[in-house]
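Residue-level structure breakdown
Letter by letter, the chains look like this.
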Amino acid sequence: MKGQALLFISLLSLASVIGQVSYTIPEEMTKGSLVGNIAQDLGLETKRLTSGKARIYTRDSDEYVELNRERGVLLVKERIDREALCRQTTPCALHFQIILENPMEFYSVTVQITDINDNAPTFEEGQIKFKISESAIIGAKFVLERAVDLDVGINDLQRYELKPTDNFALKLQTNADGNKNVEMVLQKPLDREKQEQISLVLTAVDGGEPQMSGTMLIVITVLDVNDNAPVFTQPTYKATVHENSPKGTVVSTVSATDVDQGSNGKITYSITNTLDDVRKVFKINQENGEVTLIGNVDFEESRNFQINVRASDDGGLTDSCKLIVDVQDVNDNRPEINIMSKSNVIAEDAKLNTVVTMINIEDKDTGENGKVHCFISENVPFILKTSTTNFYSLVTDSELDRERLSECNITVTCSDEGVPSLSSSVTLTLQISDVNDNAPVFERSSYEAYIVENNTPGLSIFTVKARDADWNQNARVSYILEDSSVNGVPVSSYVSVSADSGVIHAVRSFDYEQIKDFHFRVKAQDGGSPPLSSNVTVKVMIQDQNDNPPQVLYPVQTGGSLVAEMVPRSADVGYLVTKVVAVDVDSGQNAWLSYKLQKATDRALFEVGLQNGEIRTIRQVTDKDAVKQRLTVIVEDNGQPSRSATVIVNVAVADSFPEVLSEFTDFTQDKEYNDNLTFYLVLALAVVSFLFITCLVVIISVKIYRWRQSRVLCHSNLPVIPYYPPRYSDTLGTGTLQHVYNYEVCRTTDSRKSDCKFGRAGSQNVLIMDPSSTGTMQRIQNEKSILDEPDSPLEVSYSIPEEMSKGSLIGNIAQDLGLDLKRLKTGKARLHVGNGAEYIELNKEKGLLLIKERMDREALCKQTTPCALHFQIILENPIDNVTVKVMIQDQNDNPPQVLYPVQTGGSLVAEMVPRSADVGYLVTKVVAVDVDSGQNAWLSYKLQKATERALFEVGLQNGEIRTIRQVTDKDAVKQRLTVIVEDNGQPSRSATVIVNVAVADSFPEVLSEFTDFTQDKEYNDNLTFYLVLALAVVSFLFITCLVVIISVKIYRWRQSRVLCHSNLPVIPYYPPRYSDTLGTGTLQHVYNYEVCRTTDSRKSDCKFGRAGSQNVLIMDPSSTGTMQRIQSEKSILDEPDSPLEVRIPLLWLLQSFMLRYVSDC
């Protein structure tokens, strides 16, 4: 329930506004309930609450109300229990302030909490016992314990009920303070002999809705003869006590007398308070009535206490009185300084009287003890001004200079006027902010950096550093790579600069052999407004790395060829056999090459020059030396680590070629056979392909020639005498046709055309013949409607997967921007894309964004994440633009790519594993990448198939192939492993790689299993297979083409036998009397058709063309031969080439045909 708000606003000086608003709400409202519209009641806009960082300030730590700045309303933050908050105090209210900044303002708010009936009356004890003498006189009073109801007002305790009422009645005694004493009055004398014990029920009822109650059982024991009750000397006692008095202090003494004697005259004193905490603060001596302190007394919490004292004798008779204790204030509270709002930073160009801090002072003492005065330290450019009672504002008093004073410590001291005076202080630290008046300065005028080639992308190259004499944001330097190009490529594709640290990173891996150095400029820009900047030139030099192995130029190594160097047996020591020539594209010492003889058939016969690669004999050649010598030369560079290449040199030690051939014949025979077979297969494929292509060219040429010949309308040597129907013109001179269209068609049966299309005039006007009897023409303008274009503004973001099909929906941009489709049209909406690549289009009629071109995230963003398209939607009338961001989510559309081991067509690469390898021996590592991103690029490696699965395993994450047991002599030398590399996409994609492993301790053992000739043999076998397959396919196509041509020729020849050949002229025959009779026709066009047919045209049918008109002329088959006009139902606008149909009597056609056939035959 929202209470009615009462608004009191007063405007004061010093940029502070004081206003007061009051609300009334019930207690126990749920969290989030509305208290009131504070923005509306204060006359503020919600924007002011947001920009002013409005917040609630309360002196207490508990906050029951919160401020919703976006709506400008006060809401219940925590459940409010009025009884816990204010107890019996009325009215109960919450007091707090609403603080705003820029400029600083505050408003006081009071929320009054009204009571609801949520507490039932309760008695402290559920049962009370009395001992009453049977001699008690009628009218005797017995004070009962009052019930406690924590509610107030109408919800508080209203009445008591006592049942049964046979002996006692209930009487309420109202005190001066408004409280009611409950007394039980004897109405009927007691008789112990008849009833020794009486039980009564006292019920307390409140006035709430719904009504609530509490009960207490009264047990009365009837005693014999005690007829005098105790009596206090006065009904009300008063006493005074200072706050903070020590425990045990005697406050006062109450006294009562009983005229009875003995036990009936012995008085016992007790405190009967139940509502408050009196019994926790005071206690009374049961025998002498002395009241002392047992707790702490604080004036700020309770200024007075009312103690209800009861005196009772042993006979059960009682009397009561009140002790009112006033608490005197002592100056025991220091002033509390509360910072309502403060600015930690102030600009040095701030104006005078700018409010820096707002302070609230509170002293819980009263009178002179609560009067507070505040002051600040001297020699600071600030003063303290009071805006209202207990509220101060700290404002600037003079101009600020950050260079002279960058930080100011202001001590605010507040003291009261008590004796002795108490004070408190707080120190405010204020930073004076800088203005941007210094540009960044680099430490050097230029920089040079070095990086080794083949670096990993992202490697840090160098760091540029600039300093700014300003402070904070104005001194925060950002580094920007200026736009430039290196060899026509943007420099941003080579390096990047960290905006914060100035660290220059390599974007790509550099190759010294392609680029040796490049330079660019880096700009340092501060964070001021406007920003200041400077730039510097950085030159990056690439250092060479030994990343290229030597390349052997001679002798040339070919697949299956065998080249041998001849050495005569008469060769002497130092004979130059040949020279190994190699180069290294690296530079410096990485390109220094050395040559070594790695393996030779006879090491004692040859040596290789270390520097020049010359192979010479080192002893005299003898007859015992083998003819076939095989040398393995390794060429090694001087890099670290070094790289090498090997070359095999075959040397023939012989004096004649026959001797050489007899040794090397085993190697060349198979190769010659394969070379001859390959040659003849290639030759046959070339010949058949040539014939097939020639055949296709001839067929296409003939078709083109015949097509061009068919463009000639009359194709015959027979004379044609055209015959035109008379009286075709407009009759009686009433026609309205402005153009006359005459069509003459000369056709022969050998024209190979069965249709005739009439051209149309190049105009937007369509002439339509009126089907009515008037026969007038009407012109209909063909109008083309051109739609305008639309659009609307705001920032919108979408997220779509890649590879969406063309035309797929991205989002409803009109709905998301809250625009009408008419606004898109009137605003001529269009897309503006910065890079020119348009992947998205705007459907202005529906207000939708659609896919225009298929988007490949990998081609668009490569490995950059997140991947997004940014473009603007431009609107006119008025001009506006909207930034649209489309996030491209990766799809698992790329399988993994295996980088190592490299899989080539027929090559065989094997990894060596010694037989002494232990468990966990690293055989090799499968290296693969996936161009997708995220989990689609997470790769896992599995061993799909292996020669011996119990010997190897593959690391699931790293792809390392290791042994899982000890290698034994029984293990096969040749091991073949199939490893599958699978990504983590849904669905997953995979790639397989075959790894050949050789389990051996030496190369000869490996070579015996992995022979060198299998590679060439597999290559030749594959080549032969594909050549035979290609030859078969081309031959089949060629033969099929020939069969089709021959079949068509035979079919046409048989068709030509239907008609007789003749060279006689044909005189066409036309039916007479076909014109309109009686001269009443209204035909506006004249259509004349002449068909010239010969018997050698190879056609047995005749089709007449139709004019582009909506009217159909039908020749009347009757003897009158009149023409009739029939309206065509088919629109000429739909089929512009639709012809005019002419129907000729069947009898006439047969007659004409028979005449020609007889004349020809």
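See above for the structure.
Fair warning: this is a prediction, and the values are worked out from it, not measured in the lab. (Residues numbered from 1 in each chain as written. Predicted model: local features only at pLDDT ≥ 70, side-chain atom pairs only at ≥ 80, totals over all residues. Heavy atoms only, no water.)

Focus on the packing of aromatic side chains
Inclusion rule: In this analysis, rings of Phe, Tyr and Trp, with Trp reduced to its six-membered ring, are considered paired at centre separations within 6.5 Å, and the interplanar angle assigns stacked below 30 degrees, edge-to-face beyond 60, and tilted for intermediate values. For the purposes of this entry, the term helix denotes a DSSP run of H or I that reaches at least four residues, the term strand denotes a run of E that reaches at least two, and both are numbered from the N terminus. Working definition: with a 1.4 Å probe on protein chains only, accessible area under 20% of the residue-type maximum means buried, over 50% means exposed, and in between means partly exposed. By definition here, charges over rings are those cases where NZ of Lys or CZ of Arg is within 6 Å of the ring centre and within 35 degrees of the ring normal.
Tallied over the full model, the rule gives 14 aromatic pairs. A ring pair is formed by Tyr494 and Phe510, whose centres lie 6.2 Å apart and whose planes are at 10°; its orientation type is stacked. In this pair, Tyr494 sits in the loop between strand E39 (489-490) and strand E40 (495-497) while Phe510 sits in the loop between strand E41 (503-506) and strand E42 (517-526), placing the two residues 16 residues apart along the sequence. Of the two residues examined, Tyr494 and Phe510, each falls in the buried class. Taken together, the ring pairs connect Phe442, Tyr447, Phe462 and Tyr479 into an aromatic cluster. Here Arg508 stacks its cationic end above the ring of Tyr494, 4.3 Å away from the centre of that ring. Taking the ring centre of Tyr512 as reference, the NZ or CZ of Lys516 above it sits at 4.8 Å.

Notes on the environment of Glu287
Definition in use: Any two residues having at least one pair of non-hydrogen atoms within 4.5 Å are treated as being in contact.
Structurally, Glu287 can be placed in the loop between strand E21 (282-284) and strand E22 (290-293). With a relative accessible area of 68%, Glu287 lands in the exposed category. Measuring from C-alpha to C-alpha, the distance between Glu287 and Ala311 comes to 9.8 Å, with 24 residues separating the pair along the chain. Setting aside residues up to four positions removed in sequence, Glu287 forms contacts with Ile267 and Tyr269.

Let's talk about the sheet that holds strand E24 (residues 318-328)
Within a beta sheet, neighbouring strands are joined by backbone hydrogen bonds and run either parallel or antiparallel to one another. Let me state the cut-off plainly: If DSSP finds at least two bridges between two strands, the strands pair. Every axis corresponds to a line fitted to the C-alpha atoms, with the helix fit spanning only the stretch in contact, and the corresponding angles, defined between N-to-C directions, vary from 0 to 180 degrees.
Pairing in this open sheet of four strands is mixed, and the strands run E17-E24-E23-E20 from one edge to the other. Every interior strand has two partners, whereas the edge strands, strand E17 (236-242) and strand E20 (267-271), have only one. Between one strand axis and the next, the sheet turns by 25° as a mean value, whatever way the strands run. Pairing analysis gives seven bridges linking E17 to E24, with the strands arranged parallel. The partner of Ala239 across the bridge, within E24, is Val325.

Examining the pairing of strand E69 (residues 974-983)
Consecutive residues of a regular strand have side chains that alternate between opposite faces of the sheet. Here E69 lies mainly inside the structure; seven of its ten residues are buried. As judged from the seven bridges shared by strand E66 (residues 939-946) and E69, these two strands associate in the antiparallel manner. Bridged to Ala946 within E69 is Leu977. Inspection of the sheet shows E69 paired to strand E70 (residues 990-999) by nine bridges, in the antiparallel sense. Within E70, the position partnered with Leu977 by the bridge is Val995. Between E69 and E70, which follow one another and run antiparallel, lie six residues.

Structural notes on the pattern of salt bridges
Note the following rule: By definition here, a salt bridge exists when the distance from a side-chain nitrogen of Lys or Arg to a carboxyl oxygen of Asp or Glu is within 4 Å.
Here the structure, examined in full by the defined rule, presents 24 salt bridges. Among the salt bridges present, the one from Glu982 reaches Lys942, with a minimum N-O distance of 3.6 Å. One end of the pair, Glu982, is in strand E69; the other, Lys942, is in strand E66, and 40 residues separate them in sequence. With relative accessibility at 22%, the residue Glu982 sits in the partly exposed group. With a relative accessible area of 41%, Lys942 lands in the partly exposed category. Two residues, Arg962 and Glu960, come together in a salt bridge whose shortest N-O distance is 2.9 Å. According to the relative accessible area criterion, Arg962 is partly exposed, its value standing at 27%. Beyond isolated ion pairs, a larger network of salt bridges with shared partners links Arg82, Glu83 and Asp115.

Observations regarding the environment of Val999
Note that Val999 resides in strand E70. Placed 32 residues apart in sequence, Val999 and Val967 show a C-alpha to C-alpha distance of 8.2 Å.

Digging into the state of the cysteines
The line we're drawing: Cysteine sulfur pairs qualify as disulfides if the two atoms are within 2.5 Å.
Under the counting rule described, the total for this entry stands at three disulfides. No disulfide involves Cys695; its nearest neighbouring cysteine sulfur is the one of Cys1041, lying 3.5 Å away.

What to know about unusual backbone geometry
Look at the link from Lys163 to Pro164: it is a cis peptide, with omega at -10°. Take Pro164: it is sitting in the loop between strand E11 (157-163) and strand E12 (168-174). Located in the positive-phi region is Lys53, a residue other than glycine, with phi close to 50°. The topology assignment puts Lys53 in the loop between helix H2 (46-51) and strand E4 (55-57).

With respect to the sheet that holds strand E31 (residues 407-416)
With respect to topology, four strands assemble into an open sheet ordered E26-E32-E31-E28, the strand pairing being mixed. For this open sheet the edge positions go to strand E26 (345-347) and strand E28 (372-376), each flanked by a neighbour on one side alone. On average, each strand axis in the sheet is inclined to that of its neighbour by 30°, with strand direction left out of account. Summarising the sheet, E26 and strand E32 (residues 423-433) pair through three bridges and their orientation is parallel. Counted as the bridge partner of Val345 is Gln431 from E32.

Considerations on the side chain of Asn590
As a reminder, the rule being used: N or O atoms within 3.5 Å of each other form a polar contact, as long as, within protein, one can give a hydrogen and the other can take it, and as long as residues adjacent in sequence are counted only when both atoms are side-chain atoms.
By the element assignment, Asn590 lies in the loop between strand E47 (581-583) and strand E48 (593-600). Side-chain polar atoms of Asn590 contact the side chain of Asp544, separated by 3.1 Å. Not counting chain neighbours up to four residues away, the residues in contact with Asn590 comprise Asp544, Gln545, Asn546, Asp584, Asp637, Asn638, Gly639 and Gln640.

Purely spatial values, then, with no claim about function.
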